[in-house]
Amino acid sequence: MWSLVALGTLFLISIPSLAEAAGEALGPGDVVKQFVRLDALGAIYLIILGFLGGLISGFIGSGGAFVLTPGMMSLGAPAAIAVASNMCHKFPKSMVGAYKRYKYGQLDLKLGVFMAISAVIGVQLGIYVQKFIFARWGSAGSNLYVSVAFVLILTLVGLYMLYDARRAVRASTEDTVSGLAEKMKRINIPPMISFNAARIRVSFWVIAPLGLATGLLAATIAVGGFIGVPGMIYILGVSPIMASATELVVAFLMGLTGTITWAVSGFVDIRMVLLLLAGSLIGVQVGAVGTTYVKEYMIKLVMSTIMLIVSISRGIAIPTYLHELGLIELNQGTVNLLDKASFIIMCFALALGGVIVLGNMWKRKKELQAEEAGVAVNLQKS
Amino acid sequence: MGTQKKPTGRAILWGIISLAAYLALFLNQDVVTRNFARGGIFAIAVILTAMIFSFIHGAFANYLLEALGIQPLKKGVH
């Protein structure tokens, strides 16, 4: 209990500078308060984007921010408005998703609170790193650092997860067991904390650094869930379905704290938030239902697929930053082309994730219907 | 699962409430956006609005999915 209190105190100390609580670091030039005109097409675009982001989020616990923020910017919203609105859309969506998955018995609230509080503190450390890099190498240097870290981390973790999911597929099992997590469970430094729903007992000194690292990376590469979920699976030994559900609690708290800061400064465009929610509140519940249709390794498969495609998208943006730093020469046409290609690939990652989730639900439903029909025929025969 | 009554009526009711809430906000979007952009104490209004819409539209989405037969297959994961 005292460990939670200590984490809570540190969390409260961290609150004053939570502007980048979701991780997106903005330069002074990006902080423009200007609201876009929304037409019917723009509204439909936001609803569809919200649905896909919600679907992925409900299924793997995170995802969406990487495409929702640039998606809003493509409608003409300044970066600060897009980041603030994404943040404000994230906390209700995560709340609904977390509630649904709690009802399915997939959520460990205590684990979620521990991870969320330590991650929010980790975000503060990440912001210091970001500010240091920004002060030293400016906007392009900071973007280059973020992109390189993003590509490296997401590629490595994504490839390992994909390999691991394939192992489970080949062995025809529900999931694999993490050797590292087994070792971590043997660390008996007090205080030891039991997480009953997740069925684990780990040292505070294992979980706190994991949460901190998640937050630190969230502040750096802006996709904390892509680190938090694999961390819970491979370091704490939590099942993928439980880890992805618990991540929604982390997303809720990060989203709420971030929203408070941005909304106090008046940067949230509530119209874009509500249009995103119009799609995502449906999507997140479909995604949550989807987790009850699939085997555990499917979470790893979907997550790793998205991570790898998104890292390609981010990798495409690297030459632009090298150009801005004067390290290579590119003409404006190429820069624009790379920019567009990067965004399209991100949308593709989101859409592909959605197709995999819905496709697997559909397939399983058909199998069950066929099984039911088979049973009915057998009963008639007998 | 298949024998449960589908909540079509509730889905329609919450759908109407949700649509009305969206219409009310978007028909007054200039006033709402201008005030919410003032920040400060208006942050509470932003958060409350997001919460209220997520409750209304979330309830609609829940009943809609149930009415469409999109329901969980099993309780628990272990």
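Residues numbered from 1 in each chain as written. Chains lettered and ligands numbered in written order. Predicted model: local features only at pLDDT ≥ 70, side-chain atom pairs only at ≥ 80, totals over all residues. Heavy atoms only, no water.

Caption draft 1: Geometry of the overall build of chain B. For chain B, the helix and strand inventory stands at 3 helices and 0 strands. Mapped in sequence order, the helices and strands of chain B form the string α-α-α. In chain B, which comprises 78 residues, the share counted as buried stands at 44%. Contacts in chain B between residues at least 24 apart in sequence constitute 84% of all its contacts with a sequence separation of at least 6. Entry remark: accessible area of chain B is about 4,700 Å², with carbon and sulfur atoms responsible for 68%. (Helix = DSSP H or I, 4+ residues; strand = E, 2+ residues; numbered from the N terminus. Buried < 20%, exposed > 50% of the residue type's maximum accessible area, 1.4 Å probe, protein only. Contact = heavy atoms within 4.5 Å. Areas by Shrake-Rupley, 256 points an atom, 1.4 Å probe, with all protein chains shown as cover.)

Caption draft 2: Molecular detail of the packing of helix 3 (residues 65–73) of chain A against helix 12 (residues 332–381) of chain A. Residues and elements named next belong to chain A. Look at helix 3 against helix 12: their axes get within 9 Å of each other, and the N-to-C directions meet at 135°. By the angle between their directions, the pair helix 3 and helix 12 is classed as oblique. The chirality of how helix 3 crosses helix 12 is left-handed. For the pair helix 3 and helix 12, contact is made by F66, V67, P70 and G71 and by F343, M346, C347 and L350, respectively. Here the contact of helix 3 with helix 12 is built from residues that sort into 7 nonpolar, 1 polar and no charged. (Axes fitted to C-alpha atoms, helices over the stretch in contact; angles between N-to-C directions. Parallel < 35°, antiparallel > 145°, perpendicular 65-115°, else oblique. Left-handed = near helix turned anticlockwise from the far one by under 90°. Nonpolar A, V, L, I, M, F, W, Y, C, P; charged D, E, K, R; others polar.)

Caption draft 3: Structural detail: the UniProt feature "transmembrane region" (unreviewed entry) in chain A. UniProt's entry tags residues 45–68, 109–129, 144–163, 216–236, 248–268, 274–294 and 342–362 of chain A with the feature "transmembrane region" (unreviewed entry), counted in the numbering of this structure. End C-alpha atoms of residues 144–163 of chain A are separated by 28 Å, and the span's content is 100% helix alongside 0% strand. (UniProt positions renumbered as here; feature names shortened; annotations may be inferred.)

Caption draft 4: Structural context of the interface of chain B and chain A. Each partner contributes to the interface: chain B provides 35 residues, whereas chain A provides 44 residues. Interface area for chain B against chain A, summed over the two sides, is near 3,200 Å², with a carbon-plus-sulfur share of 72%. Taken together, the links from chain B to chain A amount to 0 salt bridges. One can count 10 residue pairs in polar contact (both at pLDDT 80 or more) joining chain B with chain A. Taken together, the elements giving at least two residues each to the side of chain B that touches chain A come down to helix 1 (8–27), helix 2 (29–36) and helix 3 (42–67) of chain B. Considering every element that reaches the side of chain B that touches chain A, the biggest residue donor is helix 3 of chain B, with 15 residues. (Buried area = accessible area lost by both parts, 1.4 Å probe. Salt bridge = Lys/Arg side-chain N within 4 Å of Asp/Glu carboxyl O. Polar contact = N/O pair within 3.5 Å; in protein donor to acceptor, adjacent residues only side chain to side chain.)

Caption draft 5: Geometry of the pairing of strand 1 (residues 192–195) of chain A. Residue and element names in this part refer to chain A. Note: strand 1 against strand 2 (residues 200–203), 4 bridges, orientation antiparallel. Within strand 2, the position partnered with M192 by the bridge is S203. Counting the residues that bridge the hairpin from strand 1 to strand 2 gives 4 residues, and of these R199 lies at a positive phi of roughly 55°. (Pairing = 2+ DSSP bridges.)

Caption draft 6: Up close: a nonpolar patch on the surface. Together, I41(B), I44(B), L48(B) and I52(B) give the surface a local cluster of nonpolar side chains, amounting to about 410 Å² of exposed area. When its relative accessible area of 66% is taken as the criterion, I41(B) is described as exposed. (Patch = residues over 30% accessible without salt bridge, like charges linked within 9 Å, V, L, I, M, F, W, Y side chains within 5 Å.)

Caption draft 7: Structural detail: the packing of helix 2 (residues 40–60) of chain A against helix 3 of chain A. Residue and element names in this part refer to chain A. The geometry of helix 2 relative to helix 3 is characterised by a closest axis approach of 10 Å and an angle of 175° between their N-to-C directions. Here helix 3 runs roughly antiparallel to helix 2, going by the angle between their axes. Where helix 2 abuts helix 3, its residues Y45, L46, L49 and G50 lie against V67, L68, G71 and M72. Within the contact of helix 2 with helix 3, the residues separate by chemical class into 6 nonpolar, 2 polar and no charged.

Caption draft 8: Spatial organisation of the pattern of salt bridges. Residue and element names in this part refer to chain A. Scanning the model with the defined rule gives 5 salt bridges over all chains in all. Across the pair E182 and K185 runs a salt bridge whose closest N-O atoms are separated by 3.6 Å. With E182 and K185 both in helix 6 (residues 179–185) and 3 residues apart, this pair spans about one turn of that helix. In this structure E182 comes out as partly exposed when scored by relative accessible area, which is 35%. The closest approach of N and O atoms between D269 and R271, which form a salt bridge, is 2.9 Å. The burial state of D269 is the same as that of R271; both residues are buried. Via salt bridges that share partners, D164, R167 and K300 belong to a single interconnected network.

Caption draft 9: Region of the structure containing the environment of G61(A). Residue and element names in this part refer to chain A. Along the polypeptide, G61 turns up in the loop between helix 2 and helix 3. Here G61 falls in the buried class, since its relative accessible area comes to 1%. In this structure, the C-alpha to C-alpha distance between G61 and M95, residues 34 residues apart in sequence, is 11 Å. Contact partners of G61, with chain neighbours within four places excluded, come to I56, S244, E247 and L248.

Caption draft 10: The arrangement of helix 1 of chain B in detail. For helix 1 of chain B, built from 20 residues, the straight-helix expectation of 28 Å at 1.5 Å per residue is met to within 8% by its first-to-last C-alpha distance of 28 Å. Packed against the buried residues of helix 1 of chain B are helix 10 (270–290) of chain A together with helix 2 and helix 3 of chain B. (Expected span 1.5 Å × (residues − 1).)

Caption draft 11: View of the UniProt feature "transmembrane region" (unreviewed entry) in chain B. Residue and element names in this part refer to chain B. When the UniProt feature table is mapped onto this chain numbering, "transmembrane region" (unreviewed entry) sits at residues 12–29 and 41–65. When the span residues 12–29 is considered, its composition is 94% helix and 0% strand, and the gap between its end C-alpha atoms is 25 Å. What you have in residues 41–65 is 96% helix and 0% strand, and the ends, taken at the C-alpha atoms, are 36 Å apart.

Caption draft 12: Summary view of the packing of aromatic side chains. One pass over the structure, following the stated rule, counts 9 aromatic pairs over all chains. Ring centres of Y22(B) and F53(B) lie 5.0 Å apart, and the angle between their planes is 85°; this geometry places the pair in the edge-to-face category. Highlighted residues: Y22(B) in helix 1 and F53(B) in helix 3, separated in sequence by 31 residues. In this pair, the class of Y22(B) matches that of F53(B), namely buried. These aromatic residues form a ring-pair network of at least three members: Y160(A), Y163(A) and Y234(A). Positioned above the aromatic ring of F195(A) is the side chain of K110(A), whose terminal nitrogen or guanidinium carbon lies 5.5 Å from the ring centre. Here the guanidinium or amino end of R314(A) rests over the ring plane of F150(A), the centre of that ring lying 4.9 Å away. (Phe/Tyr/Trp six-rings, centres within 6.5 Å; stacked < 30°, edge-to-face > 60°. Lys NZ or Arg CZ within 6 Å of the ring centre and 35° of its normal.)

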